[in-house]
Amino acid sequence: MNNRVKFAVGLLLLIIVITGHRLPMIIALISSVVVGLTFERRVFRKIGKPAFWIFTIFVTLLAGSLLGEDSFKWHGIPISKEGVIAGLFMNIRAFTIVFSTVLIATSLSKERMLRYTQKFGLEQVNQAYESAIDTLPLVKDAWWEAQLEESGSILKKIARLMIKLMDYAEGEKIRRVKIFGITGCQGSGKSTSIEIIAKKFKDERKRVGGFYQKKIINEDGKSIAFDLVHFNSNKSIRLAEGEGRRGFTFDEESFKAASEWLAVDAKSSDILLVDELGILESKGKGHANGLIQVIRNNPEIVIVATFRKDKLKTLASRFLLSADNTYDHDKKGYLSDEFIELIKAELENKAALDETSL
Amino acid sequence: MSKKSKVEKSSNQTVMWKQAAVFGALWGVIEITIGSFLHATRLPSGIFLASTGIALLTATQMLTGKPWMAFRIALVCAGVRALTPHGLMLGPMASILLQGLFVSVAWILFRNSILTGIVAGAFATISTQLQSFVVKLFAYGVELLEIYLQLLGKAESFFRLEHGQGWIVIIFYFAFVASIGIIGGIIGHRIGWLALQMISERSKSGATPE
């Protein structure tokens with residue numbers, strides 16, 4: 001059936017049923033069912049829902065008991081014949097209205113609606129729809145960036161997001177920090193993976209910044225200390241010392257030095273490697289502030305960090321790490337080439353964006 | 001109109017529609033994610049979504065300072081909403097458009113005053129409740145109104161209330177519904193105010209956006 005005819009039939013049935021005369025209403029219902037069965041089965045979709053039928057029965061019963069004079073009793077409830085008939089006609093009206101409105105709605109194709117909007121001088125609505133669909137994935141990036149940039153309340157973060165989106169609408173780019181995570185239980189090889197990544201990218205002449213954690217062991221093979229080793233200068237600094245059950249004591253100075261390394265390297269590196277984020281960082285201590293400062297000041301940097309598994313959930317939300325970008329040694333074994341390729345693709349993507357902005 | 005002013009007008013219109021597209025996308029994301037969640041939890045999603053929508057629209061209307069911006073955003077969001085797996089749903093789309101209309105009109109009347117959020121919020125959440133009633137009334141006819149009134153009378157006698165006290169309960173219900181919208185409006189006003197402050201600080205410091 002032609003869309004115009006469909007629209008006209010739907011409208012005609014709607015008008016007939018609204019007049020409220022009983023015989024035309026019955027004819028309209030039968031006609032709409034015939035039209036639906038013959039040309040447009042979508043008209044029956046709405047009445048397939050149980051809620052529709054429950055309400056139909058409910059209306060008929062209520063009309064029977066509340067409208068008109070009582071004529072008989074059903075399970076002790078006074079029912080009026082007149083009321084039941086009124087209820088049935090209410091349902092006939094509702095059915096026909098549903099059928100005819102669906103018929104009208106299906107006759108209005110997207111193209112036709114767009115033609116109408118253009119006719120009324122709203123030709124930019126179509127472009128706005130397309131633009132909105134393109135923007136959908138960017139909203140997530142903008143929210144990510146706003147959260148990192150704004151340390152205040154949630155309302156401040158939302159306000160920041162809105163400013164970002166407004167800037168974007170006026171032609172600004174939405175930048176995004178990409179953090180890749182490596183996790184696994186103790187001794188699973190997280191630091192080794194970081195070193196592998198560093199070597200791999202250095203071999204490819206990429207500028208690698210950041211540091212890794214080196215375990216210092218005594219003659220008995222027990223860990224007695226941890227050092228931070230700077231990739232660029234090979235300098236090392238004592239991070240923590242300790243032995244036995246007393247655990248390790250962290251040196252606050254090492255975090256300051258690490259923050260400085262990160263701040264300097266972020267300006268001159270393609271990729272920043274951080275080993276590792278754990279209990280302290282999950283509480284906003286340790287490397288947390290240094291790393292967040294780097295992210296705020298260098299929103300386009302690519303970061304690969306190791307995360308302690310028992311604190312992964314908290315750390316992932318603090319540093320906005322996504323599950324797609326996380327490599328779990330416990331599940332996947334030793335670092336795969338696939339993960340390295342993922343990082344490489346991001347670096348290439350970033351380089352392409354840099355070229356475009358130039 | 002001179003050629004130059006025509007070009008300027010067209011360029012302004014483009015920026016306005018771009019802004020509407022961006023904020024419409026943001027609202028669309030909220031509608032799809034929070035809406036699906038609320039729908040799954042069987043909570044009254046319409047009221048809470050309307051309140052969230054009002055918060056967003058009030059903030060955006062304040063931030064952009066352009067008349068009818070909220071309505072433009074609503075137009076875009078209604079279009080985005082139609083792309084969800086549920087497809088074209090006239091009820092939610094009408095609700096979104098009404099919210100845009102309320103915020104736009106309230107902003108024209110009260111500008112950046114908190115009244116914009118309060119008035120628009122109250123109207124928006126109440127309208128979500130009235131909308132379903134009006135749709136049912138249209139479908140089933142005026143007899144439905146008679147049934148509802150009779151039910152109200154029966155409920156009054158069942159709960160041993162005096163004649164007319166049922167209406168007070170209904171008014172209280174609508175006041176509760178309106179209060180949810182008002183909270184959304186106040187939050188939106190706060191976000192808008194914070195965003196305007198951030199922009200003013202940015203222009204004082206002379207920093208360009210990013």
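Shown above is the structure to which this text applies.
All figures in this text were calculated on a predicted structure; none of them were measured in a lab. (Residues numbered from 1 in each chain as written. Chains lettered and ligands numbered in written order. Predicted model: local features only at pLDDT ≥ 70, side-chain atom pairs only at ≥ 80, totals over all residues. Heavy atoms only, no water.)

Colleague: Requested: an account of the packing of aromatic side chains, with residues and values cited.
Modeller: For the coordinates displayed, the defined rule picks out 17 aromatic pairs over all chains. Judged by centre distance (6.3 Å) and plane angle (45°), the rings of F55 of chain A and F58 of chain A are tilted. With a gap of 3 residues between them, F55 of chain A and F58 of chain A both fall in helix 3 (residues 50-66), about one helical turn apart. Since its relative accessible area comes to 18%, F55 of chain A is described here as buried. Overall, F58 of chain A belongs to the partly exposed group, its relative accessible area being 45%. Considering the side-chain rings of F133 of chain B and Y148 of chain B, the 5.5 Å spacing of their centres and the 35° angle between planes classify their relative orientation as tilted. Taken together, the residues span a long stretch of sequence, with F133 of chain B in helix 5 (residues 114-140) and Y148 of chain B in helix 6 (residues 143-158) at a distance of 15 residues. Taking the relative accessible area as the measure of exposure, Y148 of chain B reaches 28% and is therefore partly exposed. Site record: aromatic cluster; members linked through ring pairs are F44, F52, W53, F95 and F99 of chain A. Here K18 of chain B stacks its cationic end above the ring of Y168 of chain A, 4.9 Å away from the centre of that ring. (Phe/Tyr/Trp six-rings, centres within 6.5 Å; stacked < 30°, edge-to-face > 60°. Helix = DSSP H or I, 4+ residues; strand = E, 2+ residues; numbered from the N terminus. Buried < 20%, exposed > 50% of the residue type's maximum accessible area, 1.4 Å probe, protein only. Lys NZ or Arg CZ within 6 Å of the ring centre and 35° of its normal.)

Colleague: Hey, could you go over the interface of chain A and chain B for me, with residue numbers and the actual values?
Modeller: Taken together, the contact between chain A and chain B spans 45 residues of the former and 47 residues of the latter. Together, the buried faces of chain A and chain B total about 4,200 Å²; carbon and sulfur atoms form 77% of this surface. Where chain A touches chain B, the interface holds 1 salt bridge. As a salt-bridge pair, D167 of chain A and R202 of chain B come within 2.9 Å of each other at their nearest N and O atoms. The interface formed by chain A and chain B includes 6 residue pairs in polar contact (both at pLDDT 80 or more). Broken down by secondary-structure element, the contributors of at least two residues to the side of chain A that touches chain B are helix 1 (3-19), helix 3, helix 4 (81-107), helix 6 (124-149) and helix 7 (154-169) of chain A. Taken together, the residues that form the side of chain A that touches chain B break down as 29 nonpolar, 5 polar and 11 charged. (Contact = heavy atoms within 4.5 Å. Buried area = accessible area lost by both parts, 1.4 Å probe. Salt bridge = Lys/Arg side-chain N within 4 Å of Asp/Glu carboxyl O. Polar contact = N/O pair within 3.5 Å; in protein donor to acceptor, adjacent residues only side chain to side chain. Nonpolar A, V, L, I, M, F, W, Y, C, P; charged D, E, K, R; others polar.)

Colleague: Quick one: what's the story with the sheet that holds strand 3 (residues 178-184) of chain A, residue by residue and with numbers?
Modeller: Residue and element names in this part refer to chain A. One open sheet holds the 8 strands; their spatial order is 7-6-5-4-8-9-3-10, and the pairing between them is mixed. Among the strands making up the open sheet, the edge pair consists of strand 7 (248-250) and strand 10 (326-328). Ignoring strand direction, the axes of neighbouring strands in this sheet form an average angle of 25°. Relative to strand 9 (residues 302-308), strand 8 (residues 271-277) runs parallel, the two sharing 5 bridges. Looking across to strand 9, one finds that L273 is bridged to V304. Sheet strands touched by helix 11 (residues 288-297): strand 3, strand 8 and strand 9. Its angle to strand 8, the strand with the most contacts, is close to 155°. (Pairing = 2+ DSSP bridges. Axes fitted to C-alpha atoms, helices over the stretch in contact; angles between N-to-C directions.)

Colleague: Which residues make up the environment of W74 of chain A, and what values go with them?
Modeller: Residues and elements named next belong to chain A. If you trace the backbone, W74 turns up in strand 1 (residues 72-74). Separated by 29 residues in sequence, W74 and R45 have C-alpha atoms that sit 33 Å apart. Other than its neighbours up to four places away in sequence, W74 contacts L61 and I79.

Colleague: Could you give me a rundown of the layout of surface pockets, with the residues and numbers involved?
Modeller: Residues and elements named next belong to chain A. Within this model, the second largest pocket holds a volume of roughly 850 Å³. If you trace the second largest pocket, you find 32 residues lining it, with Q186, Q213, F226, E276 and R308 closest to the centre. When residues of the lining of the second largest pocket are traced back to their parent elements, those giving at least two are helix 8 (190-203), strand 4 (208-217), strand 5 (223-230), strand 6 (236-242), strand 7, strand 8 and helix 10 (279-282). (1 Å grid on protein atoms, 1.4 Å probe; cavity = no way out; pocket = protein on both sides within 12 Å on 5 of 7 lines; lining within 4 Å. Points joined across faces, edges and corners; volume = space filled by probe spheres on them.)

Colleague: Describe in detail the side chain of H287 of chain A, supporting the description with residues and values.
Modeller: Looking at the secondary structure, you find H287 of chain A in the loop between helix 10 and helix 11. Leave out the neighbours within four places in its chain, and H287 of chain A touches F211, L228, F255, A258, E276, L277 and E281 of chain A.

Colleague: Lay out the side chain of S104 of chain B with the relevant residues and their values.
Modeller: Mapped onto the elements, S104 of chain B comes out in helix 4 (residues 90-110). Here S104 of chain B is in contact with Q61, W68, M69, A70 and F71 of chain B, once residues within four sequence places are set aside.

Colleague: Lay out the nonpolar core with the relevant residues and their values.
Modeller: Inside soluble globular proteins, nonpolar side chains tend to come together where they are buried. F23, L26 and W27 of chain B are the most contacted members of the largest nonpolar core, which has 48 residues in total. Every element with two or more residues in this core is listed here: helix 6 and helix 7 of chain A together with helix 1 (3-41), helix 2 (45-64), helix 3 (69-81), helix 4, helix 5 and helix 7 (165-205) of chain B. When residues in this core are grouped by element, the largest group, 10 residues, is from helix 1 of chain B. Each residue touching L26 of chain B, except ones within four places of it in the same chain, is listed here: V139, L161 and L165 of chain A together with L56 of chain B. L239, A266, L272 and F307 of chain A belong to the second-largest nonpolar core, a separate cluster that totals 30 residues. (Core = buried A, V, L, I, M, F, W, Y, C linked by side-chain atoms within 4.5 Å.)

Colleague: Explain the pattern of salt bridges residue by residue, including any values.
Modeller: Residue and element names in this part refer to chain A. Under the counting rule described, the total for this entry stands at 13 salt bridges over all chains. Of the charged contacts in the structure, one is a salt bridge between K6 and E40, with a shortest N-O distance of 2.8 Å. Remark: E40 occurs in the loop between helix 2 (22-38) and helix 3 and K6 occurs in helix 1; sequence separation between them is 34 residues. Residue classification places K6 among the buried positions, given a relative accessible area of 7%.

Colleague: Describe a nonpolar patch on the surface, with residues and values.
Modeller: Residues and elements named next belong to chain A. A surface patch of nonpolar side chains, amounting to about 480 Å² of accessible area, comprises I57, L61, F72, W74 and I77. Of all the elements in the fold, those that place two or more residues in the nonpolar patch are helix 3 and strand 1. Relative to the assigned elements, L61 resides in helix 3. (Patch = residues over 30% accessible without salt bridge, like charges linked within 9 Å, V, L, I, M, F, W, Y side chains within 5 Å. Areas by Shrake-Rupley, 256 points an atom, 1.4 Å probe, with all protein chains shown as cover.)

Colleague: How would you explain helix 2 of chain B if you had to name every residue and give the values?
Modeller: For the α-helix, the turn length of 3.6 residues means that residues three or four positions removed from each other point alike. When the terminal C-alpha atoms of helix 2 of chain B are compared, their 28 Å separation across 20 residues agrees well with the 28 Å that a helix rising 1.5 Å per residue should span. Counting buried residues along helix 2 of chain B, 17 of its 20 residues qualify, which places the element largely inside the surrounding structure. (Expected span 1.5 Å × (residues − 1).)

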